[in-house]
Amino acid sequence: GENVEQHPSTLSVQEGDSAVIKCTYSDSASNYFPWYKQELGKRPQLIIDIRSNVGEKKDQRIAVTLNKTAKHFSLHITETQPEDSAVYFCAAEGGGADGLTFGKGTHLIIQP
Amino acid sequence: EPEVTQTPSHQVTQMGQEVILRCVPISNHLYFYWYRQILGQKVEFLVSFYNNEISEKSEIFDDQFSVERPDGSNFTLKIRSTKLEDSAMYFCASSVLGTPTAEQYFGPGTRLTVT
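Here is what the cut-offs are and how they apply
Each chain carries its own residue numbering, running from 1 in the written order of its sequence. Written order decides the labels, with chains lettered from A and ligands numbered from 1. A pLDDT threshold of at least 70 governs which residues receive local features in this predicted model, and a stricter bar of 80 or more applies before side-chain atom pairs are shown or counted, although totals over entire chains, interfaces and linings include all residues. Working from all heavy atoms in the structure, the side-chain values ignore hydrogens and water. Here, a disulfide means two cysteine sulfur atoms that sit within 2.5 Å of each other. Secondary structure elements are defined from DSSP: runs of H or I of at least 4 residues count as helices, runs of E of at least 2 residues count as strands, and each element is numbered from the N terminus. Using a 1.4 Å probe on the protein chains alone, a residue whose accessible area is under 20% of its type maximum counts as buried, one over 50% counts as exposed, and one in between counts as partly exposed.

Let us now look at the state of the cysteines. If you walk through the whole model with that rule in mind, you get two disulfides over all chains. A sulfur-sulfur separation of 1.9 Å characterises the disulfide bridge that pairs Cys23 of chain A with Cys90 of chain A. For the disulfide bridge between Cys23 of chain A and Cys90 of chain A, the dihedral angle about the S-S bond is near -100°, and by the sign convention the bridge is left-handed. In this pair, Cys23 of chain A is assigned in strand β3 (residues 19-25) and Cys90 of chain A in strand β9 (residues 86-93), connecting sequence segments 67 residues apart. With respect to burial, Cys23 of chain A and Cys90 of chain A carry one shared label: buried. Cys23 of chain B shares a disulfide with Cys92 of chain B; S-S distance 2.0 Å. On the S-S bond that ties Cys23 of chain B to Cys92 of chain B, the torsion sits near -60°, and the link is left-handed. Residue Cys23 of chain B is found in strand β3 (residues 19-24), and its partner Cys92 of chain B is found in strand β9 (residues 88-95); the two are separated by 69 residues along the sequence. Each of the two residues, Cys23 of chain B as well as Cys92 of chain B, counts as buried.

Taken by themselves, the reported measurements are silent on function.
In structure tokens form, the structure reads like this:
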């Protein structure tokens, strides 16, 4: 089955700086890669996703890149703000499967 | 904006007891999912459900688990005989179409504590 590795586990950046979170996956048949943001005690919220027919997708300060050859994808947050502080999970859909396989999460801390 | 809802928000039960966790998916969604998250760990897929039957299940979803769509709005997860290691946050999710065509939206979760 699919295996997703996520790094780093904790990331601390100064407010206004950029943050990058990286994930790798194992199943070359996977073609859907969402990112979820989870604030303490709350539900995971979908913030951006990418499908394998594109290499990059951007939504305001958030962007995701995908390298299918290397089987890795990354989340980029620019101009970070205090409200970006949360745990971010990457996920992958194993080809033909319904269930998402999640990474272990990155605790993003925005320092004022 | 419509959201997935779940009840109860917190359930405490004794080991060996049966529990039923309830979810109301977004109304026009056709695919339903259960995930669990042990405290401090990643979200893990349990089961997906479409057209009144299980379409996929993980190794975690063993014989003590079952799912049901008892009516047109509810989607339930039953754990027949709870164990200490079942303590976790259980999330329901739904999507209008199957993955990867459509996004999955998560409910707020039910925290299950088994004592």
